[in-house]
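# Secondary and tertiary structure notes
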Amino acid sequence: MIKIDLEAGTVAVADGDGETVVPLASREAFSIVSEAWLRCGWDNKYVYGFSWMGRPIIQLPEDMIRLQEVLYRLKPDVIIETGVAHGGSLIFYAGLCKAMEHGRIIGIDIEIRPHNRQAIESHELADFITLIEGSSTAPETVRQVKSLVAPGETAIVILDSNHSKQHVLDELEAYSGLVSVGSYIVACDGIMQLVAGGPRTEPDWSWNNPTQAAADFAARRDDFVIEPPAFPFNEGNVTEMVTYWPGAWLKRVR
Ligand SMILES: C[S@@+](CC[C@H](N)C(=O)[O-])C[C@H]1O[C@@H](n2cnc3c(N)ncnc32)[C@H](O)[C@@H]1O
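This is a predicted model, so every value here is computed, not measured. (Residues numbered from 1 in each chain as written. Predicted model: local features only at pLDDT ≥ 70, side-chain atom pairs only at ≥ 80, totals over all residues. Heavy atoms only, no water.)

### Here's the deal with the layout of surface pockets
By volume, the largest pocket amounts to about 720 Å³. Forming the boundary of the largest pocket are 37 residues, of which I58, A85, D160, S161 and H163 lie nearest the centre. Contributions of two or more residues to the lining of the largest pocket are made by α3 (88-100) and β7 (104-109). Among the residues making up the lining of the largest pocket, the classes are represented as 15 nonpolar, 15 polar and seven charged. Roughly 560 Å³ of volume is contained in the second largest pocket. As for the second largest pocket, its lining consists of 26 residues, of which E240, M241, V242, T243 and P246 are closest to the centre. (1 Å grid on protein atoms, 1.4 Å probe; cavity = no way out; pocket = protein on both sides within 12 Å on 5 of 7 lines; lining within 4 Å. Points joined across faces, edges and corners; volume = space filled by probe spheres on them. Helix = DSSP H or I, 4+ residues; strand = E, 2+ residues; numbered from the N terminus. Nonpolar A, V, L, I, M, F, W, Y, C, P; charged D, E, K, R; others polar.)

Shown next as C-alpha cells:
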C-alpha cells in the first residue's frame, strides 16, 4: 500500500509489519509514485489519448521524448519500426527526419488497414515513409526490409508489434543485424510485466513480455548490452526513465 501525504510532503509504503516513509523530494518517492502512475495510466488507457500531426500514436509521451533524444544524437539513415497501427509513431519519426534533413522510415505491420494506409500515404510527411505489410518475422518481410537498407547505412530498430516473448525474440534475431554499432534495437512495452493482473492483461505477462525477450537476447550475445541511453540534459534529481519500455534498450557494442 502507498500513502501520499502532500501536506507532510511524504510517501509511505507498507512493507511487511511496518512502513517506509520517504520525503516527496526524493528519488525514491518519485520512483514509487511513477510506478503507481504508470499502473493507473494503464488501467485508464492513458496512452490511447494522443496523436502526432493528426495521426493517433500509442505511446507514453515520456518514451517519445527519450526516443527523440536518441534519434537526434544518432541521426540514423534508417528508422525501422515493427507495428504501425494508425501510423502516429511513423509520422513522429518522419517529422524529426525532415527537421534533421536526414533519414527515412520503414514501417512494418501484419495488417495495415485501408483507412490507416490512406491517411499515412496522403500525409505531408509521407515521402519519408515506406510501408511493408506482413508479419514482421515472416522471411519474406525480413527480406524486403533488408533489401531497403544499403550496406554501411546506419539504422535503429524499434519493435512495437506482437509483444509476446517469443515473437520479440524472433524479431531480435531477424533485425539485430541491421543495427549499427552505437545504435539500438528497442523492445517496447515491457510495461506488461508491471501491469499483469490489471484490466486487459493476461496472467502470463509476468514473464511473457518484451523485457524478458531483451534480457534473454542480451544474455546470449556479446554484441548487444541492455543500456538505456543517458539523459543528454538533466539538472533535476531523476536519473531513470519513467517508461513503458523497461529493459528495452539493447545497444550494439561491437
Ligand atoms: C501497439 S500497435 C503499434 C503502435 C504504433 N507503433 C504507435 O506507436 O502508434 C501494434 C501493432 O502491431 C501489429 N502487429 C501485431 N502482430 C504483428 C506481427 N506479427 N507483425 C507485424 N505487426 C504486427 C498490429 O497489427 C498493431 O497495428
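### Describing the sheet that holds strand β3 (residues 18-23)
In space, the three strands of this open sheet follow the order β1-β2-β3, with antiparallel pairing throughout. Of all strands in the sheet, those bounded by a partner on one side alone are β1 (2-5) and β3. Pairs of neighbouring strands in the sheet enclose a mean axial angle of 20°, with direction left out of account. Pairing geometry for β1 and strand β2 (residues 10-15), over four bridges, is antiparallel. Along β2, the bridge assignment pairs K3 with A12. (Pairing = 2+ DSSP bridges. Axes fitted to C-alpha atoms, helices over the stretch in contact; angles between N-to-C directions.)

### Points about the pattern of salt bridges
Oppositely charged side chains are able to pair whenever their charged atoms sit close together. Applying the stated rule across the entire model yields 14 salt bridges. The salt bridge involving R39 is made with D43; its shortest N-O contact spans 3.0 Å. Separated by four residues within a single helix, R39 and D43 lie in helix α1 (residues 27-43), roughly one turn from each other. Judged by relative accessible area, R39 falls into the partly exposed class, the value being 30%. One salt bridge in this structure joins K165 and D216, with 2.9 Å as the shortest N-O distance. Placement of the pair is K165 in helix α6 (residues 165-175) and D216 in helix α8 (residues 210-220), with a sequence separation of 51 residues. Using a relative accessible area of 18% as the deciding quantity, one classes K165 as buried. One salt-bridge network, held together by shared partners, links E173, R220, R221, D223 and R252. (Salt bridge = Lys/Arg side-chain N within 4 Å of Asp/Glu carboxyl O. Buried < 20%, exposed > 50% of the residue type's maximum accessible area, 1.4 Å probe, protein only.)

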